[in-house]
Amino acid sequence: MTKIDPTGGQAYPDDAILADLDRMIDEFDPPPAGLVERIQFAIALEDLDVEVARWVRADSLAGVRGGDQGTITFTVSDLTVMINLTRIGENNRIDGWLVPAGEHSVEVRVAEHGSRETTADEGGRFVLDGVPRGTTQIIIQLDGPPARTVVTPTVLL
């Protein structure tokens, strides 16, 4: 199918028009850098049968001993996940707590840096040092019963 230019009657194939439109959109209103990668990271979970926690609170605190700190709380049904973030140089230290407490598997995924795993102690506490900065998700494997997986929304740490 072709379109006729009303000013001169010249025929333009649809493909050429769409190619010009695509070029103009890319030039004048490009997507944010890394958007596709962040979306792929957020949906790239092996097990799609997960519960997604919601972000409850994010408090930025003044620097402590020269580093930045912040507390983020997530919740889903009967589980609360609280993390305290301390920036140390180019990395983060994550101190976390699960309520109700239990020895559950905790995985912290950071886009383009892979993941780090640990197990919360019987009091629900977990610590991960040297976590790179970037787009991050936390995945908690609850042993149950019933066994289930909880994932937080992606956050930029």
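Quantities reported herein were computed from a predicted structural model and do not represent experimental measurements.

What counts as what
Residues numbered from 1 in each chain as written. Predicted model: local features only at pLDDT ≥ 70, side-chain atom pairs only at ≥ 80, totals over all residues. Heavy atoms only, no water. Helix = DSSP H or I, 4+ residues; strand = E, 2+ residues; numbered from the N terminus. Buried < 20%, exposed > 50% of the residue type's maximum accessible area, 1.4 Å probe, protein only. Contact = heavy atoms within 4.5 Å. Areas by Shrake-Rupley, 256 points an atom, 1.4 Å probe, with all protein chains shown as cover. Salt bridge = Lys/Arg side-chain N within 4 Å of Asp/Glu carboxyl O. Pairing = 2+ DSSP bridges. Core = buried A, V, L, I, M, F, W, Y, C linked by side-chain atoms within 4.5 Å. Polar contact = N/O pair within 3.5 Å; in protein donor to acceptor, adjacent residues only side chain to side chain.

Draft legend 1. Main features of the overall build of the chain. A tally of helices and strands in the chain yields 2 helices and 13 strands. For the chain, buried positions account for 32% of its 157 residues. Summarising the internal contacts of the chain: among those between residues at least 6 apart in sequence, 41% fall at separations of at least 24. Accessible surface for the chain amounts to roughly 9,900 Å². Of this, 54% is attributable to carbon and sulfur atoms.

Draft legend 2. Representation of the pattern of salt bridges. Per the stated rule, a full pass over the model turns up 5 salt bridges. The closest approach of N and O atoms between Asp78 and Arg148, which form a salt bridge, is 2.6 Å. Taken as a pair, Asp78 in the loop between strand E5 (67-76) and strand E6 (79-88) and Arg148 in strand E12 (residues 148-151) lie far apart in primary sequence, 70 residues in all. Given a relative accessible area of 49%, Asp78 falls into the partly exposed group. Close ionic contact of Asp95 with Arg93 constitutes a salt bridge, the shortest N to O distance being 2.9 Å. Each of Arg93, Asp95, Arg125 and Asp129 takes part in one network of salt bridges that share partners.

Draft legend 3. Local environment of the pairing of E12. Burial along E12 is two-sided: the face carrying Arg148 and Val150 and the face carrying Thr149 and Val151 are both buried. As judged from the 2 bridges shared by strand E3 (residues 51-52) and E12, these two strands associate in the parallel manner. Its bridge partner being in E12, Glu51 is matched across the sheet by Val150. Sheet topology places strand E11 (residues 135-142) next to E12; 4 bridges connect them, and they run antiparallel. Across the sheet, the residue bridging to Leu142 is Arg148, located in E12.

Draft legend 4. Representation of the nonpolar core within the structure. Counting 23 residues, the largest nonpolar core has Ile94 and Leu98 as the members making the most contacts within it. For Ile94, the contacting residues outside a window of four places in its chain are Ile83, Asn84, Leu85, Val108, Phe126, Val127, Leu128, Val131 and Leu157.

Draft legend 5. Looking closely at the pairing of strand E8 (residues 105-110). The buried fraction of E8 is high, at 5 of 6 residues. Across 6 bridges, the pairing between E8 and strand E9 (residues 114-119) is antiparallel. Bridged to Ser105 within E9 is Thr119. A loop of 3 residues connects E8 with E9, the two strands running antiparallel in sequence, and Glu112 in this loop sits at a positive phi of about 65 degrees. Sheet analysis places E8 next to E11, joined by 6 bridges and oriented antiparallel. Looking at E11, one finds that Glu107 is bridged to Ile139.

Draft legend 6. Local environment of the side chain of Thr75. By secondary structure assignment, the location of Thr75 is in strand E5. The exposure class assigned to Thr75 is buried, which follows from its relative accessible area of 17%. In this structure the side chain of Thr75 is engaged in a polar contact, spanning 3.2 Å, whose partner is the backbone oxygen of Leu79. If sequence neighbours within four positions are ignored, Thr75 has contacts with Ala53, Arg54, Val56 and Thr80.

Draft legend 7. A look at the environment of Gly134. Looking at the secondary structure, you find Gly134 in the loop between strand E10 (125-132) and E11. Once the C-alpha coordinates of Gly134 and Glu112 are considered, the two residues, 22 residues apart in sequence, prove to be 8.2 Å apart. Residues within four places of Gly134 in sequence aside, it is in contact with Val110, Val155, Leu156 and Leu157.

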